[in-house]
Structures are given as C-alpha cells and as structure tokens.
Amino acid sequence: MGIIFILFSALFTAVGQALWKVSDTNNMYILALGLILYVCGAALMMIAFKFGDLSVLHPLLSFGYIFAILIGNFFLKEQVGFKEIIGIILIVLGAVLISVERK
C-alpha cells in the first residue's frame, strides 16, 4: 500500500511542477492547480510512510524523474535522448532492487 501511495505522490508532484512550468503570470488557475497537486503529492508521501519503511519508500520518489521526463516528452514536446532512457532504466532497476522484500 505504501508503494502505491508513494508512486502517486511522485506522479502528483511531477504533474504539479509541469503545471508550474506551463503557467504564466496571466494564468493563475494553472499555477494554483499545480500547487494543489504538489501539496496532494506531499500529503500522499506522508501517508505512504505510515505503510512502509522509509529506506524503501523514499528512494521510490525517484519515479518522479521518470514521470517528469514522460510529461516533458508527451505534453511539452521535449526531446528524450539516450541518456534519459539509460537514466530511466537505472531508476527502475534501482527501485526494483530496493523494494524487493528483505528476508
């Protein structure tokens, strides 16, 4: 359950930050929506920590980097290069290694 909450936390904070990027001084609604999503992401993070170990859950926040790359690519038309793809693979690999249950 903690892993699900932490992944949604990473997603909400990444979307919130993307909305900050696309908002401008004339569109305070998008800026406010980004702030609300970011705060919801922070709240989900606090809830997630009640369901698991900090040493497992906190590193999973790095999925926010993956979400940011995907948001940048699909919605902001930013280029994703070889380095970003390698970074995504390493983040996923690290998350899997960290989240595997200890015996």
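Residues numbered from 1 in each chain as written. Predicted model: local features only at pLDDT ≥ 70, side-chain atom pairs only at ≥ 80, totals over all residues. Heavy atoms only, no water.

Caption draft 1: Up close: a nonpolar patch on the surface. On the surface, a cluster of nonpolar side chains totalling about 770 Å² of accessible area is made up of V80, F82, I85, I86, I89, L90, L93 and L97. Note on L93: relative accessible area 47%, which makes it partly exposed. (Patch = residues over 30% accessible without salt bridge, like charges linked within 9 Å, V, L, I, M, F, W, Y side chains within 5 Å. Areas by Shrake-Rupley, 256 points an atom, 1.4 Å probe, with all protein chains shown as cover. Salt bridge = Lys/Arg side-chain N within 4 Å of Asp/Glu carboxyl O. Buried < 20%, exposed > 50% of the residue type's maximum accessible area, 1.4 Å probe, protein only.)

Caption draft 2: Main features of the environment of S9. Along the polypeptide, S9 turns up in helix α1 (residues 2–22). Judged by relative accessible area, S9 falls into the buried class, the value being 0%. Taking the C-alpha atoms as reference points, S9 and M46, separated by 37 residues in sequence, lie 9.1 Å from one another. (Helix = DSSP H or I, 4+ residues; strand = E, 2+ residues; numbered from the N terminus.)

Caption draft 3: Just unusual backbone geometry, in detail. At K77, a residue that is not glycine, the phi angle is positive and equals roughly 60°. Looking at K77, the relative accessible area reads 63%, which means it is exposed.

Caption draft 4: Molecular detail of helix α4 (residues 63–74). When the terminal C-alpha atoms of α4 are compared, their 16 Å separation across 12 residues agrees well with the 16 Å that a helix rising 1.5 Å per residue should span. Within α4 the residues assigned to the buried category are F63, G64, I66, F67, I71 and G72. On its buried side, α4 packs onto α1, α3 (54–60) and α5 (82–99). (Expected span 1.5 Å × (residues − 1). Contact = heavy atoms within 4.5 Å.)

Caption draft 5: Representation of the packing of aromatic side chains within the structure. Applying the stated criterion across every chain, the model contains 4 aromatic pairs. Ring geometry for W20 against Y38: centres 5.0 Å apart, planes inclined by 40°, an arrangement best described as tilted. Of the two residues, W20 sits in helix α1 while Y38 sits in helix α2 (residues 28–48), which places them 18 residues apart along the sequence. Residue classification places Y38 among the partly exposed residues on the basis of a relative accessible area of 31%. (Phe/Tyr/Trp six-rings, centres within 6.5 Å; stacked < 30°, edge-to-face > 60°.)

Caption draft 6: Examining the environment of G2 more closely. Along the polypeptide, G2 turns up in helix α1. Among the residues examined, G2 registers a relative accessible area of 3% and is labelled buried. Linking G2 and F63, residues 61 residues apart in sequence, is a C-alpha distance of 14 Å. Those residues in contact with G2, other than ones at most four positions away along the chain, are A48, F51 and L57.

Caption draft 7: Geometry of the packing of α1 against α2. The geometry of α1 relative to α2 is characterised by a closest axis approach of 7 Å and an angle of 160° between their N-to-C directions. Here α2 runs roughly antiparallel to α1, going by the angle between their axes. Pair α1 / α2 crosses with left-handed handedness. Grouping the amino acids of the contact of α1 with α2 by side-chain chemistry returns 20 nonpolar, 7 polar and no charged. (Axes fitted to C-alpha atoms, helices over the stretch in contact; angles between N-to-C directions. Parallel < 35°, antiparallel > 145°, perpendicular 65-115°, else oblique. Left-handed = near helix turned anticlockwise from the far one by under 90°. Nonpolar A, V, L, I, M, F, W, Y, C, P; charged D, E, K, R; others polar.)

In short, shape yes, function no, at least from these values alone.
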